[in-house]
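Next come the chains, spelled out residue by residue.
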Amino acid sequence: MSAPSTPQPRVVLVVDDEARILSALRRTLRREGYEILTAETPAEALRILEERAVDLILSDQKMPGMSGLELLARAAERRPAAARLLITGWTEEVPQRELEALGVRALLPKPWDDGELKRTLRQALGAWRQG
Amino acid sequence: MVASPPGHDAEPTLAALRRLGREMELVPVQDAARCLAEARNGGVDLVVADRALGAETDRILEGLRSEGPPVVVVAGEASDEVALDAFRRGAADCVAASDDFPRVLAIVALEQIRRWRAVRERGAVERRLRTLERLNDVIVEAIPAALAVLDAEGHVVGVNPEFSRAFDVPPEAAQGQPLERLLPQDLLESAGLIGLLAKAALQRSVEARVARGVGPDGELRAFDARARRLGEDGRLLLVLADVTERERLAKRIADLQRYTENIIQNLNSALLVVDLEGRITFANAMAERILGATRLRGHSVGEWFPSTPRESALLLRTLEEGVRFRGAEATITRADGQLLPIGVSCAPLVDADGSKLGAVAVFQDLSEIKELQRHVLQAEKMASIGQLAAGVAHEINNPMGFIHANLFQMAEYLQDLRRLWDRAEALRRAAGEGDPERVRAAAAALAELASEVDADYVLADFAKAVRESQEGSERIRHIVQDLRHFSRHDPSERTLSDVNECLDSTANIVWTMMKHSVVLEKHYGQLPRLRCYPMQLKQVFMNLLVNAYQAIEEKRGPQGGHGRVRVATQRRGDTVVVTVSDDGIGIPPENLSRIFDPFFTTKEVGMGTGLGLSTCFSIVERHGGAIRVESQPGAGSTFEVVLPLAGGEEPRPEPGP
């Protein structure tokens with residue numbers, strides 16, 4: 001059991017245009033003790049960011065209308081403190097320079113490894129806590 | 001002509017003259033003026049004038065005295081005075097009336113006519129001689145050759161103006177000079193002119209040589225030199241005709257011949273000339289190389305060029321029907337049996353009058369080009385498939401992603417359920433033993449674990465995860481099916497195929513990559529099956545669809561929104577027309593003419609090979625069709641592919657010149 005010790009759970013926003021992915025991610029992170037918010041479009045994600053103090057954003061890269069990278073850039077304006085993670089299927093180029101400029105913590109592959117995903121999120125939130 | 005006064009009986013005279021025969025025409029006149037006019041007009045052989053005309057007779061005699069036909073005077077009575085007077089006045093004879101008058105007059109007349117005719121004939125010969133002399137002078141003066149007449153000692157008797165001009169010697173200065181002094185030394189020696197003259201002096205035939213020397217103008221000139229003995233007196237005629245220009249032209253023709261021969265032999269194309277029977281009359285070195293044989297002359301082209309089927313018998317058709325082909329493709333069979341693709345142009349060969357002589361064929365070995373084409377086609381196919389694969393991979397990645405994650409989760413759920421099952425087993429065993437205390441404890445443990453693992457949620461979510469994974473795997477199966485459909489058959493031969501099916505399977509597979517941003521409209525018409533290379537057509541459609549998608553993406557930018565792609569097919573006459581339209585960024589007018597050029601691209605490096613549309617162009621061309629584009633910058637583009645049902649491939653003759 002790795003239940004959270006803090007009374008206030010960390011808020012994680014997951015963005016993907018594919019509802020099944022959101023469902024699977026929620027399943028994977030079920031026992032991590034986060035409060036999980038989901039958005040199926042970047043626009044919806046931006047709306048949620050306006051309303052909620054989000055600790056971590058995990059976004060898909062390839063989405064209609066706006067790329068994950070762009071969404072993270074906008075998210076950084078609204079919630080500079082939130083950790084930013086990108087999931088990519090490697091079918092499209094993601095410029096490393098932009099990733100670094102945006103301070104994206106990690107690039108996760110799709111399909112992802114459950115253990116690695118959980119570890120990466122914990123690390124990102126831990127680093128956030130220190131920083 | 002008989003001249004007698006009016007009222008006078010001229011009959012005896014006329015009767016006497018009639019004795020001369022019917023061929024003698026008798027013309028009676030009655031005065032001197034008329035007589036003279038007729039006589040001077042010519043055609044009158046004799047004038048018989050009656051003394052009875054008196055002064056008129058004298059005028060006739062006077063008028064014809066110096067020239068004209070002879071005049072015979074007839075007198076009523078013979079007297080010496082009368083005769084003497086007549087002779088003095090120029091009469092040719094005088095005949096007096098007597099018993100013998102008709103006989104005497106006839107004899108006199110005949111004699112006078114004979115004489116007069118002899119005189120006249122001599123005059124004509126003299127005139128002809130004079131004409132000939134004049135003609136000779138004109139020829140000698142005007143002939144474009146230098147003439148010199150030499151005496152037996154070799155001294156110049158005379159030269160013509162051309163001689164003077166050519167060797168810069170005035171005619172009078174040439175007179176009496178030895179030839180050696182008049183002609184340049186090199187000219188004399190080059191042809192041994194002196195020897196030539198000596199030889200000519202000994203025989204009657206013409207001696208000819210070509211002599212060369214530097215003329216007075218300093219230019220090297222060539223002369224055709226001929227010498228001939230003129231008569232028995234040892235005089236010689238030397239003719240020097242300037243053939244410098246002729247030789248220059250002959251050399252120029254020879255040079256031109258060598259020049260063209262050189263070009264033809266070193267041409268990078270093979271050239272064959274055949275006669276009407278199809279026998280080779282000329283072949284250059286490249287033709288020998290491509291046909292793989294030497295000494296082609298006299299061979300029938302049928303040994304290499306196909307004569308059947310008719311569509312391939314290009315050279316034969318040029319010979320028989322006079323049609324031309326340009327850049328047609330054919331296959332020849334080499335002597336060693338090897339088949340070689342060639343590009344050939346054939347044209348009938350006609351002479352200046354337009355009558356057929358045979359045919360000319362120019363051809364190139366296409367095997368390297370064909371190989372290159374195959375490579376380019378393959379490279380382009382790989383590039384398009386690469387783009388497609390990226391789109392398809394993304395579409396497979398999503399379901400793969402959640403199925404993968406779900407499986408991990410389901411494994412965890414299974415573990416939870418196994419622990420629950422263990423406790424359920426313990427409960428069952430306790431119940432079997434019948435100890436209520438242990439049963440209660442086992443039930444409590446089960447309930448505690450069920451609550452701990454959130455068993456209700458696990459069971460519900462397990463089912464949900466299975467459902468979602470099933471759905472995901474179904475999606476993957478569908479994509480793979482599309483892919484298989486798309487790449488189902490790739491026959492190297494033309495096959496009767498359904499163009500709608502080709503377009504639809506391509507649109508479906510490309511759709512997987514563009515469904516987020518594009519609405520795809522399909523309008524398929526009723527089409528007959530088309531003899532084609534289906535995989536190649538799919539490649540054309542794929543390129544057009546990927547381009548349409550990219551045009552929309554470029555226009556959309558980060559703002560999002562949806563574009564529209566419309567694919568349509570229809571039958572138009574003897575063609576099948578496929579259109580692919582988009583409402584993307586469009587093509588600037590300045591690029592419209594270049595988009596089908598190989599390597600022309602406006603995409604970023606790595607995004608396009610620049611061969612996509614040029615490959616489409618050549619594929620459509622291979623099907624005997626055409627590809628057209630209409631575009632409005634900012635509004636979109638429409639590509640139209642027209643494919644003839646008759647198919648193409650077989651070369652069609654082009655209209656004559």
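Residues numbered from 1 in each chain as written. Chains lettered and ligands numbered in written order. Predicted model: local features only at pLDDT ≥ 70, side-chain atom pairs only at ≥ 80, totals over all residues.

Would you explain the sheet that holds strand β22 (residues 636-644) of chain B in this entry?
Through backbone hydrogen bonds, the strands of a sheet pair up, either in parallel or in antiparallel fashion. Residue and element names in this part refer to chain B. If you walk across this open sheet you meet the five strands as β17-β19-β20-β22-β21, and the pairing is mixed. Across the chains shown, the open sheet's two edge strands, defined by having one partner strand only, are β17 (518-523) and β21 (626-632). Pairwise comparison of adjacent strand axes, ignoring direction, gives a mean angle of 15° for this sheet. Taken together, the six bridges between β17 and strand β19 (residues 563-572) define a ladder with parallel strand orientation. (Pairing = 2+ DSSP bridges. Helix = DSSP H or I, 4+ residues; strand = E, 2+ residues; numbered from the N terminus. Axes fitted to C-alpha atoms, helices over the stretch in contact; angles between N-to-C directions.)

Help me understand the interface of chain A and chain B, please; the structure alone is not making it clear to me.
It is common to give the size of an interface as the accessible area lost on bringing the parts into contact. At the junction of the two partners, chain A supplies 19 residues and chain B supplies 21 residues. Per-element tally for the side of chain A that touches chain B: the top contributor is helix α1 (residues 19-28) of chain A, with seven residues. Taken together, the residues that form the side of chain A that touches chain B break down as seven nonpolar, five polar and seven charged. (Contact = placed C-beta atoms within 7 Å. Nonpolar A, V, L, I, M, F, W, Y, C, P; charged D, E, K, R; others polar.)

Looking at this structure, I do not really get the environment of B:Phe101. What am I missing?
All names here are of chain B. Within the secondary structure layout, Phe101 lies in helix α5 (residues 101-142). Residues Phe101 and Ala16 lie 85 residues apart in sequence; the distance between their C-alpha atoms is 7.5 Å. Dropping the residues within four chain positions of it, Phe101 is found in contact with Pro12, Ala16 and Val95.

Teacher, can you tell me more about the sheet that holds strand β10 (residues 236-242) of chain B here?
Residues and elements named next belong to chain B. Ordered in space as β7-β6-β10-β9-β8, the five strands form an open sheet in which the pairing is antiparallel. Each of the sheet's edge strands pairs with one partner strand only, and the pair in question is β7 (156-159) and β8 (207-214). Pairwise comparison of adjacent strand axes, ignoring direction, gives a mean angle of 25° for this sheet. Bridging between strand β6 (residues 145-150) and β10 involves six bridges; their strand directions are antiparallel. By the bridge assignment for β10, Ala148 is matched with Leu238. Sheet contacts for helix α10 (residues 193-202): β6, β8, β9 (220-229) and β10; angle to β9, the most-contacted strand, approximately 20°.

Would you mind showing me how to read unusual backbone geometry here?
Note: most residues except glycine have negative phi, and most peptide bonds are trans. A:Lys110 connects to A:Pro111 through a cis peptide bond whose omega is 0°. Secondary-structure assignment places A:Pro111 in the loop between β5 (106-109) and α5 (114-130). For B:Arg295, which is not glycine, the phi torsion reads 50° and is therefore positive. Overall, the presence of 9 C-beta atoms within 10 Å leaves B:Arg295 in the exposed class. Phi at B:Asp454 takes a positive value of approximately 60°, unusual for a residue other than glycine. For B:Asp454, the location among the structural elements is in the loop between α15 (436-452) and α16 (455-486). (Buried ≥ 20, exposed ≤ 12 C-beta atoms within 10 Å, placed from the backbone.)

The values are spatial; any link to function lies outside them.
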